[in-house]
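Fold and contact review
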Amino acid sequence: MSLFRTPFVLPHQRLVEYSGNQSRVLGPGRHPRRWGARYELVDCRLRRLAMVTQQIQITGGVDARVSMVVDVRVVDPIAWLGTANDPEGVVYLAVQVALREVVAPLDLDTVMARGFSLDEHRATIDAAAAGVGLEVVSLVLKDVGADLEVEQARRAAYLAEANARADLEKARAEAAATRVRANTCLLYTSDAADDSLR
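Attention here is on the structure that accompanies the text. (Residues numbered from 1 in each chain as written. Predicted model: local features only at pLDDT ≥ 70, side-chain atom pairs only at ≥ 80, totals over all residues. Heavy atoms only, no water.)

**As for the overall build of the protein chain**
When you go through the protein chain residue by residue, the secondary structure sums to five helices and seven strands. In the protein chain, the succession of helices and strands from N to C terminus is β-β-β-β-β-β-α-α-α-α-β-α. Expressed as a percentage of its 198 residues, the buried residues of the protein chain come to 30%. In the protein chain, the proportion of contacts linking residues at least 24 apart, taken out of those at least 6 apart, comes to 65%. Carbon and sulfur atoms form 55% of the exposed surface of the protein chain, whose accessible area is close to 12600 Å². (Helix = DSSP H or I, 4+ residues; strand = E, 2+ residues; numbered from the N terminus. Buried < 20%, exposed > 50% of the residue type's maximum accessible area, 1.4 Å probe, protein only. Contact = heavy atoms within 4.5 Å. Areas by Shrake-Rupley, 256 points an atom, 1.4 Å probe, with all protein chains shown as cover.)

**Concerning the sheet that holds strand S1 (residues 13-19)**
One open sheet accounts for three strands, arranged S2-S1-S3; its pairing is antiparallel. A strand with exactly one partner marks an edge of an open sheet, and here the two such strands are strand S2 (22-26) and strand S3 (38-43). Across the sheet, the mean angle from the axis of one strand to that of its neighbour is 20°, orientation sign disregarded. For S1 and S3, the ladder comprises six bridges, and the chain directions are antiparallel. In the sheet register, leucine 15 faces S3, and the bridge partner there is leucine 41. (Pairing = 2+ DSSP bridges. Axes fitted to C-alpha atoms, helices over the stretch in contact; angles between N-to-C directions.)

As structure tokens, then:
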């Protein structure tokens, strides 16, 4: 690093210059170093926040498990560096609270069918992100599930339904085979009766 130049700033980076009480953002390239100034390099590429699976009690007293992925990027490097100790944590908390508010009043079938979104809370999430210099690029629902006991009961019900369908098809096939045999016997009997009349 040169004594008279700042570090080289790549296209996906911004350099924040602090000089006394003033700060400014420098774009890509090299810039002359100011005497007494301090510099911080900020990476503005997309960042992915993977939320830990949230266990949320929903209607009926059942716990649903939901996880999301949030993509953010730095749009205000000064706010990113100076507003919060953990800017990504601020966005994480806003998404977590919104997710709980949306999912809690739903029933299990709606949650399992992914019949919800955070659109009505998007303005609150975006405001929390903007306050710490971030922009929320996307909110993606990742995994949805229920308690182990509920999952096992749903799986057992699904298997019982599949077995009942298979048994019904088997019974239909046996009934069709019995009809064919009966028709064959009837045809044989009527042919034998016709032969005895001749």
